[in-house]
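So you can see what is in the structure, the chains are spelled out below.
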Protein chains: 2
Amino acid sequence: MANKSKIPSDTISKIKAIRKQQLSADDLAQGIFEGNKAMLAKAITLLESTNPAHFEKANAVIEKCLAQPSNSIRLGITGVPGVGKSSFIETLGKTLTEKGNKVAVLAVDPTSSLSKGSILGDKTRMETLAKDPNAFIRPSPSGNSLGGVAQKTRESIILCEAAGYNVILVETVGVGQSEIAVHSMVDFFLLLKLSGAGDELQGIKRGIMEMADGIAINKADGNNLENAKLAVTEFSRALHLYPPKSNGWTPKVKKCSALENSGIKEIWEMVQQFVDHTKSNGFFEVNRQQQNKNWFVHTVDEYIKQFFHQKETFKTEQARLLTEIEEHKISPFYAAKILLDKITEEL
Amino acid sequence: MANKSKIPSDTISKIKAIRKQQLSADDLAQGIFEGNKAMLAKAITLLESTNPAHFEKANAVIEKCLAQPSNSIRLGITGVPGVGKSSFIETLGKTLTEKGNKVAVLAVDPTSSLSKGSILGDKTRMETLAKDPNAFIRPSPSGNSLGGVAQKTRESIILCEAAGYNVILVETVGVGQSEIAVHSMVDFFLLLKLSGAGDELQGIKRGIMEMADGIAINKADGNNLENAKLAVTEFSRALHLYPPKSNGWTPKVKKCSALENSGIKEIWEMVQQFVDHTKSNGFFEVNRQQQNKNWFVHTVDEYIKQFFHQKETFKTEQARLLTEIEEHKISPFYAAKILLDKITEEL
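Residues numbered from 1 in each chain as written. Chains lettered and ligands numbered in written order. Predicted model: local features only at pLDDT ≥ 70, side-chain atom pairs only at ≥ 80, totals over all residues. Heavy atoms only, no water.

Draft legend 1. Here's a closer look at the interface of chain B and chain A. Across the boundary between the two partners, chain B contributes 57 residues, which contact 59 residues of chain A. Between chain B and chain A lies a buried interface of about 5300 Å² when both sides are counted; carbon and sulfur atoms form 70% of it. Linking chain B with chain A are six salt bridges. A salt bridge links K337 of chain A to E56 of chain B; its shortest N-O distance comes to 3.4 Å. Seen at the junction of chain B and chain A, the total is nine residue pairs in polar contact (both at pLDDT 80 or more). Of all the elements, helix α14 (residues 283-309) of chain B adds the most residues to the side of chain B that touches chain A, at 16 residues. Of the residues that constitute the side of chain B that touches chain A, the class distribution is 29 nonpolar, 14 polar and 14 charged. (Contact = heavy atoms within 4.5 Å. Buried area = accessible area lost by both parts, 1.4 Å probe. Salt bridge = Lys/Arg side-chain N within 4 Å of Asp/Glu carboxyl O. Polar contact = N/O pair within 3.5 Å; in protein donor to acceptor, adjacent residues only side chain to side chain. Helix = DSSP H or I, 4+ residues; strand = E, 2+ residues; numbered from the N terminus. Nonpolar A, V, L, I, M, F, W, Y, C, P; charged D, E, K, R; others polar.)

See the structure below:
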């Protein structure tokens, strides 16, 4: 009480007002262009918002950011839990910022709403990188559908690039369709693996192998080193079984140790070789163009869904019909038809 | 010319008329209840149709079929290409029909529109079963989205059950999200594996292992037999690492050989034990109820998408905007917003 009384009440109001300040799309974009991390974070929070009122403003910020020139490299990184993704990203990130790059780390984890953020949810996992002024780390957006989660990450890439981040690392976990989503938003897709671990521990599917532009055998240190060398040979041979990629690039296998900081530079050299290769044959640009077209198609479907889901009639009717289904009064298909009729006749 | 002239032209017209005959929902349902395979196939073709005019009738047939009592077991079967799914299903199917069951084989393969039907597309793969009067085999519906493909298979299950098929086998291929879709429409989920094959060949993810109610090590014959026995032990141990299932069932691992018809009966006994177990603890019914609710939610979203996609404005505007994106005149997100605005303002 004694302490509080020293601050005049109008000052407190002013501070509160500033905190609550409604920043315009222009304010946010300006902050982003200046590389202000707090503004970047605010803008990402805005675009992740499910509040329809925020939708317009978030879109305005994205459009402004798209107009900014960027010469970024977007790198997707996947691997099952336990493969050492966090330490790998931290070591790679530090290596890159030391070379003068600005590194943004994003994530796509559709399970995070269930598990309360298994990826990047805990910033302490990348303590050193999190403190680096030239690094920006953002956990996976949460959401009910992979489509929604991935779209928000995709939009965040644009904002990070406008804020001057020239290397965008997009992490995902080696389960489910999330790899496909991340693959569709990056230039280079890196698969992390362990040597010596059995089938079930690695759990990487054939389809993921096919998507990879490069494989890194992580934890190639100590007793694992010999196994890692063997794994490099094995996976190189396995990759040869796949048909050649349309971009003319032959995926490579490297070993590394995030712990000992060995092999990390070589992996980055591989990424740069890839970028040089695909920029010279035009594929880099063609790929980004195709990605843009795919994202348009997916975004439209996501918007259509949102358009209906936010209607009051939709919510109340859906709840009512779910109860009827539970009570065996109606079939799921007929209930769906009733709901569609109800919302479309109301339009 | 000489032969043709023997058939009076009005007879030809009559035959054509019968062939083209527009069967009513009642006709189709009646045919299904009588176990008429041709009528069942026609009704499934109707529900697979993308023609909006067929939508109403297909729904009417489904509603009628849902009213029919059924005591079916729905069994999902997955495994990567090469694991021997077709021979397994053929051998299991024959074993079941010999015991007096009626067996329907359906499939969910979202890649089939690309690969022109990799699953069940070729009926010759299950030649003996296809000729069995008590078996009904239907290839995967084709479609642009897994949601659409899976929904149609799900609806086909209802029709098959109304036609008296009491064992429904739903096959899927061990890649992508299709396992999750099939898992959400069956009572028991069986994973086929091979012994001795390496990580990449099997390519089954941890998540799939977690969904399995049982694992069958196939091709346990000849030189593989000893390896298969080892694999049974290994996988049984691996399954113990997962948390117990809410249905109180402990997944089991069995070996079998479709070639030698060994172990197949034991796998069916396992399925029946599971059904007894979950029917006695109520989970069987609870699971089907939850599946119905999930299907309702997914079906609504699919309907909403279709509702817009079939509009002419949608098609022309989408094509126009894709060109603009290609020419870098507009961003994918802004284009999506324009398309949404265009179609919603027209409503």
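After presenting the structure, the write-up continues.
Draft legend 2. Molecular detail of the sheet that holds strand β4 (residues 167-172) of chain B. All names here are of chain B. Spatial ordering of the open sheet is given by β3-β2-β4-β1-β5-β6-β7, a layout of seven strands whose pairing is parallel. Strand pairing shows two members of the sheet lacking a second neighbour, β3 (135-137) and β7 (252-255), which therefore form its edges. If you compare each strand with its neighbour and ignore which way they point, the axes differ by 25° on average. Against the sheet, helix α12 (residues 225-240) touches β5 (188-194), β6 (214-218) and β7, its axis set at about 175° to β7. (Pairing = 2+ DSSP bridges. Axes fitted to C-alpha atoms, helices over the stretch in contact; angles between N-to-C directions.)

Draft legend 3. Focus on the side chain of K85 of chain B. Residue and element names in this part refer to chain B. For K85, the location among the structural elements is in helix α5 (residues 85-98). It turns out K85 is buried and unbridged, and the closest side chain with the opposite charge, E171, is 4.5 Å from it. At a separation of 2.5 Å, a polar atom in the side chain of K85 contacts the main-chain carbonyl oxygen of G79. Look past the residues within four positions of K85 in its chain and what remains in contact with it is I77, T78, G79, V80, E171, T172, V173 and L192. (Buried < 20%, exposed > 50% of the residue type's maximum accessible area, 1.4 Å probe, protein only. Lys, Arg positive; Asp, Glu negative; His and termini not counted.)

Draft legend 4. Molecular detail of the relation of the copies chain B and chain A. You can overlay chain B on chain A at an RMSD of 0.1 Å; the transform is a turn of 180° with a shift of 0.0 Å along its axis. These values place the two chain copies in the arrangement generated by a two-fold rotation axis. When the interface residues of chain B are mapped onto chain A, 100% of them are again interface residues, pointing to one common binding face. (Least-squares fit on C-alpha atoms with pLDDT ≥ 70 in both.)

Draft legend 5. Fine view of the packing of aromatic side chains. Taken as a whole, this structure holds 11 aromatic pairs over all chains when the rule is applied. Here F308 of chain A and F308 of chain B contribute two aromatic rings whose centre-to-centre distance is 5.7 Å and whose plane-to-plane angle is 40°, an arrangement assigned as tilted. With one member in each of two chains, F308 of chain A in helix α15 (residues 283-309) and F308 of chain B in helix α14 form a pair that bridges those chains. For the pair formed by F308 of chain A and F308 of chain B, the shared burial category is buried. (Phe/Tyr/Trp six-rings, centres within 6.5 Å; stacked < 30°, edge-to-face > 60°.)

Draft legend 6. Region of the structure containing the pattern of salt bridges. Per the counting criterion, the structure on display carries 30 salt bridges over all chains. A salt bridge links R138 of chain A to E48 of chain A; the shortest N-O distance between them is 3.1 Å. Here R138 of chain A is found in the loop between β3 (135-137) and α9 (146-162), whereas its partner E48 of chain A is found in helix α4 (residues 37-48), with 90 residues between them in sequence. Salt bridges here are not isolated pairs; linked through shared partners, they connect E56 of chain A together with K337 and D341 of chain B.

Draft legend 7. Looking closely at unusual backbone geometry. In this model, K219 of chain A sits at a positive phi of 60°, which is unusual for a non-glycine residue. With respect to the helices, strands and loops of the structure, K219 of chain A is situated in the loop between β6 (214-218) and α13 (225-240). One non-glycine residue, N261 of chain B, lies in positive phi territory at about 50°. With respect to the helices, strands and loops of the structure, N261 of chain B is situated in the loop between β7 and α13 (264-280).

Draft legend 8. Just the sheet that holds strand β7 (residues 252-255) of chain A, in detail. Residues and elements named next belong to chain A. On the basis of which strands lie adjacent, the open sheet formed by seven strands has the order β3-β2-β4-β1-β5-β6-β7 and parallel pairing. Where the open sheet ends on each side, the last strands, each with one partner, are β3 and β7. Within the sheet, the average angular offset between the axes of one strand and its neighbour, ignoring direction, is 25°. Pairing of strand β1 (residues 73-78) with strand β4 (residues 167-172), which is carried by five bridges, proceeds in the parallel orientation. Note that in β4 the partner of G76 across the bridge is V170. Of the strands in this sheet, β1, β2 (103-108), β3 and β4 are in contact with α9, which crosses β2 at around 170°.

Draft legend 9. Representation of the packing of helix α3 (residues 25-33) of chain A against helix α5 (residues 52-66) of chain A in the model. Residues and elements named next belong to chain A. In contact at an axis separation of 9 Å, α3 and α5 are set at 40° when each is read in the N-to-C sense. Between α3 and α5, the angle falls in the class oblique. α3 and α5 meet at a crossing whose hand is right-handed. Two secondary-structure elements touch here, α3 through A25, D26, L28, A29, I32 and F33 and α5 through K57, A60, V61, K64 and C65. Here the residues of the contact of α3 with α5 are counted per class, giving eight nonpolar, no polar and three charged. (Parallel < 35°, antiparallel > 145°, perpendicular 65-115°, else oblique. Left-handed = near helix turned anticlockwise from the far one by under 90°.)

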